[in-house]
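Inside the fold
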Amino acid sequence: MNAMQFILVILVSLVCGMASVMDERQFHRPIVACTLVGLVLGDLQTGIILGGNLELIALGWMNVGAAMAPDAALASTISSIIVIVGHQSIGEGIAIAVPLAAAGQVLTIFVRTIAVFFQHQADHFAAQANFRGIEWCHIGALFLQGLRVAIPTGAVAAIAGTSIVNQWLNAIPPVITHGLQVSGGFIVVVGYAMVINMMKARSLMPFFFIGFTLATFVTGINLVGLGILGACAAVVYVQLNPDFHDSIKAPAAVTSAGTEDDDVLG
Amino acid sequence: MTESTEIRKVEPLTRKDMFSTYLRSTFMLGSFNFERMQAIGFCVTMIPAIKRFYHKKEDQAAALKRHLEFFNTTPWPASAIFGVTAAMEQKKAAGADIDEAAITNVKVGLMGPLAGIGDPIYWGTARPILAALGASLALSGSILGPLLFFFGINIIRMLTRWYGFKLGYRQGTDIVQDVAGNRLKKLTQMASVLGLFVMGSLVSKWTTIKMPLVLVSYKQAGHVISTSLQNIMDSLLPGMVALLMTFACMWLLKRNVNAIWIIFGMFVVGILGYWAGIFGL
């Protein structure tokens, strides 16, 4: 890795770290983050493949309410470097990514606690109607989240590919690495389970089983085909659902009650 | 003292203000903290509106203070709440009888229902489906995978934010009825059906579990016939093990077991299973 690549890796991980807390532009998702690290390190192909593999595992990792997802950003940046610079297999990359996601989660909890300090600073600025001050509190906390990923990634980038690291990685017994690869095949179900639980729609579970059964027994059907079937099922379900028929008259009543804004606000 | 009269003339947000609000809203969660969560982000997003509607320093300070209160919801559709809040601030600045509590109540009142709609639509359906599609292309090394995911999800996000804000700003508190109403409920249900359908198919399609453990082996007409655990499972229901594992994970997650621990548990199962010969590559 040359100096230019090192700087670019730091920049990419800074962006990923910030994206991880914001959950906005999705730069922290493995499929994007690994691709970018791959691009910067001159091995786009490996980055994309590792990103695709990690994305499947992270499919259901999401921030819902106060609960925090395992950190995909740190997992993606460091495992990409280990795989590309340290010449490790994709399977090993996946195995390394998971403990990193846990470490990243601990780090973000730490930064989100520090951010409470910025919150109180913002209170002071608000009392003085200091717009700039509040904006800087916001940006400061955001930047810390970027550093949270950039610093550990930089540290790994500095030592990755050295013989000590490679020796250490190669010293892992095969029963462990193969076992990790085996778990890589079914670890994705944790993400699926997270999505299903979040939906909180027990009554809609038949659709889950329909999807499962079709995918299992209809050979040759791909995700696009299944997506179309699912979308059709969704439309038909809503069209036929009596819940939505009984309340067709409701909007009329609502508009007449809601014409006077001030009453509503009262 | 024209300022002190009951009804003041307040200019509405300009297109530039709206764009600035939009841009700020895309950094909403930057300073997420455990005390008031998205509060600073909410306040920073409201700054263009506060500047437009209030010109006295004490009014501005009061507005900033009330938007530094606790706030937490699904980020993208939150733009609709920004719109409603801006509309209320505009009326308040114009002298309408809206107290601070009313604005906070509307914000807090919309937070929960909006997350109830936003989480299944964006986190439960749009993102996993696009990610799954993108990943399926990426597994073979195609750049189309990351591009499809990145542009697909960002177009959805930008449209949600921009039109969500405009809708909220135009409709003001009338939107409260929209949120509780039928259209959004239908949309949420449709998203949930599609999401669950795809999750079901992923459980079958994108898990790899091989169980080569030979249970029975006998000779018949010179050939060795052996039945592995895999053969038995497949004749019952292919993908059954993945299905059972999914249910086990759902059960554990409902008991508030951290996802990371479940994943580590899976690693242990994989390593021990491989060591014992139950699972194979």
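Residues numbered from 1 in each chain as written. Chains lettered and ligands numbered in written order. Predicted model: local features only at pLDDT ≥ 70, side-chain atom pairs only at ≥ 80, totals over all residues. Heavy atoms only, no water.

1. A closer look at the UniProt feature "transmembrane region" (unreviewed entry) in chain B
- Following the UniProt record, the feature "transmembrane region" (unreviewed entry) maps to residues 129-156, 193-215, 235-253 and 260-278 of chain B here.
- Within the segment residues 260-278 of chain B, helix and strand shares are 89% and 0% respectively, and the terminal C-alpha atoms sit 24 Å apart. (UniProt positions renumbered as here; feature names shortened; annotations may be inferred. Helix = DSSP H or I, 4+ residues; strand = E, 2+ residues; numbered from the N terminus.)

2. Things to note about the nonpolar core
- Within the largest apolar cluster, 165 residues are counted, with the highest numbers of intra-cluster contacts made by W61 and I81 of chain A.
- The element best represented in this core is helix 5 (residues 100-138) of chain B, accounting for 17 residues.
- A domain split of this core shows at least three residues from each of domain 1 (2-202) and domain 2 (209-276) of chain B. (Core = buried A, V, L, I, M, F, W, Y, C linked by side-chain atoms within 4.5 Å. Buried < 20%, exposed > 50% of the residue type's maximum accessible area, 1.4 Å probe, protein only. Domains from an automatic or database assignment.)

3. Remarks on the packing of helix 4 (residues 78-93) of chain B against helix 5 of chain B
Residue and element names in this part refer to chain B.
- In contact at an axis separation of 10 Å, helix 4 and helix 5 are set at 165° when each is read in the N-to-C sense. In terms of orientation, helix 4 lies roughly antiparallel with respect to helix 5. In this structure, the crossing between helix 4 and helix 5 has a hand that is right-handed. Touching A78, I81, V84, T85, M88, E89 and K92 of helix 4 are E100, A102, I103, V106, K107, L110, M111 and L114, all from helix 5.
- By residue class, the composition of the contact of helix 4 with helix 5 is 10 nonpolar, one polar and four charged. (Axes fitted to C-alpha atoms, helices over the stretch in contact; angles between N-to-C directions. Parallel < 35°, antiparallel > 145°, perpendicular 65-115°, else oblique. Left-handed = near helix turned anticlockwise from the far one by under 90°. Contact = heavy atoms within 4.5 Å. Nonpolar A, V, L, I, M, F, W, Y, C, P; charged D, E, K, R; others polar.)

4. Considerations on empty space enclosed by the protein
Residue and element names in this part refer to chain A.
- One pass over the full model with this rule turns up two cavities of 30 Å³ or more.
- Within this model, the largest cavity holds a volume of roughly 120 Å³.
- Along its surface, the largest cavity is lined by 14 residues, and S20, H28, N63, A69 and P70 are the ones closest to its centre.
- When its residues are assigned to classes, the lining of the largest cavity shows five nonpolar, four polar and five charged.
- Here the second largest cavity is characterised by a volume of approximately 60 Å³.
- Lining the second largest cavity, in full, are P30, L54, I57, A58, W61, A72, A75, S76, A97 and V98.
- Elements supplying a minimum of two residues to the lining of the second largest cavity: helix 3 (44-57), helix 4 (72-85) and helix 5 (90-127).
- Broken down by element, the lining of the second largest cavity gets its largest block of residues, three residues, from helix 4. (1 Å grid on protein atoms, 1.4 Å probe; cavity = no way out; pocket = protein on both sides within 12 Å on 5 of 7 lines; lining within 4 Å. Points joined across faces, edges and corners; volume = space filled by probe spheres on them.)

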